[in-house]
Amino acid sequence: MHIAEGYLPPVQAAAWFAVSAPFVVHGSRALVRQVREDPESKLLLGAAGAFTFALSALKIPSVTGSCSHPTGTGLGAVLFRPPVMSVLGGIVLLFQAVLLAHGGLSTLGANIFSMAIVGPWVAYGVYLLARRLGGSLDVAVFLAAALGGLATYCVTSVQLALAFPDPASGFLGAVAKFGSIFAVTQIPLAISEGLLSVLVVRLLTRVSGDELRRLGVLRKPQEVSA
């Protein structure tokens, strides 16, 4: 998913920065408000950021100029809502670009849009829908993490196709080509991320049940002992 340094045309790279910037600004305000209103959530915020960093640092080569890996943003979106994850995810991507050469600074806007904006919003939407349809917390978290990760790669496929349309089939053909290559590694990774996220939430219900209830993740007393 991390598009490599210099891989996008400069105009497109700048456009993705412009698209992502309002979300990050809004997310920064949401993060400040979260810390101000609930100072005790700082530790869990740090854990959500660390979870994203650790999972998204697992690098598997995929499409030329990019790579596959879990994203880790679905869990944070469920806990703190997507705006906060736009900031946490952006910080993670910045550190990875600078310290690990994982992604790039020129492509940071594009990577933020796919992993820290679209992924969390899809994850949170899926989570809310699953809960409203009567799904258990485990099912909702699994679907959110898995589909949020897949959404990230769908967006990356579009970004790469815009930069490198197929000579014969054009933009749509390139989207299908990039998406099919990503699917080989990303579908099993998404399933694995969903299962891992469920295990993390189960652990949090045991050690931080009150905080999850305060965040609105736990709705029923019996869910604490799930």
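Along every chain, residues carry numbers that run from 1 in the direction the sequence is written. Confidence filtering applies because this is a predicted model: local features only for residues at pLDDT of at least 70, side-chain atom pairs given and counted only at 80 or more, and all residues used for totals across whole chains, interfaces and linings. As a rule here, side-chain values come from all non-hydrogen atoms in the structure, and water together with hydrogens is ignored.

(A) Structural detail: the packing of aromatic side chains. Aromatic rings from Phe, Tyr and Trp, taking only the six-membered ring of Trp, are treated as a pair when their centres fall within 6.5 Å; an angle between ring planes under 30 degrees marks them as stacked, one over 60 as edge-to-face, and anything in between as tilted. In the structure shown here, the tally under the stated rule is 4 aromatic pairs. Here the aromatic rings of tyrosine 7 and phenylalanine 164 are separated by 4.9 Å at their centres, their planes lie at 50°, and the arrangement is tilted. Here tyrosine 7 is found in the segment before helix H1 (10–37), whereas its partner phenylalanine 164 is found in the loop between helix H6 (137–163) and helix H7 (170–207), with 157 residues between them in sequence. Exposure categories follow from relative accessible area, calculated using a 1.4 Å probe and restricted to protein chains: below 20% of the type maximum is buried, above 50% is exposed, and the middle band is partly exposed. Among the residues examined, tyrosine 7 registers a relative accessible area of 25% and is labelled partly exposed. Taking the centre distance of 5.1 Å and the plane angle of 70° together, the rings of tyrosine 153 and phenylalanine 182 count as edge-to-face. You can see tyrosine 153 sitting in helix H6 and its partner phenylalanine 182 sitting in helix H7, a full 29 residues away along the chain. For the pair tyrosine 153 and phenylalanine 182, one class covers both residues: buried. Charges are assigned to positions over rings by a cutoff of 6 Å between ring centre and Lys NZ or Arg CZ, combined with an angular limit of 35 degrees from the ring normal. Geometry around phenylalanine 178 places lysine 177 over its ring, the cationic atom sitting 5.2 Å from the centre. A helix here means a DSSP run of H or I that spans at least four residues, while a strand means a run of E at least two residues long, and both kinds are numbered starting from the N terminus.

(B) A look at the side chain of serine 41. Mapped onto the elements of the fold, serine 41 is located in the loop between H1 and helix H2 (42–56). Judged by relative accessible area, which is 0%, serine 41 ranks as buried. Ignoring sequence-local partners within four residues, the contact set of serine 41 consists of Gln34, Phe80 and Glu211. Note on contacts: a residue pair is in contact if any heavy atoms of the two residues lie within 4.5 Å.

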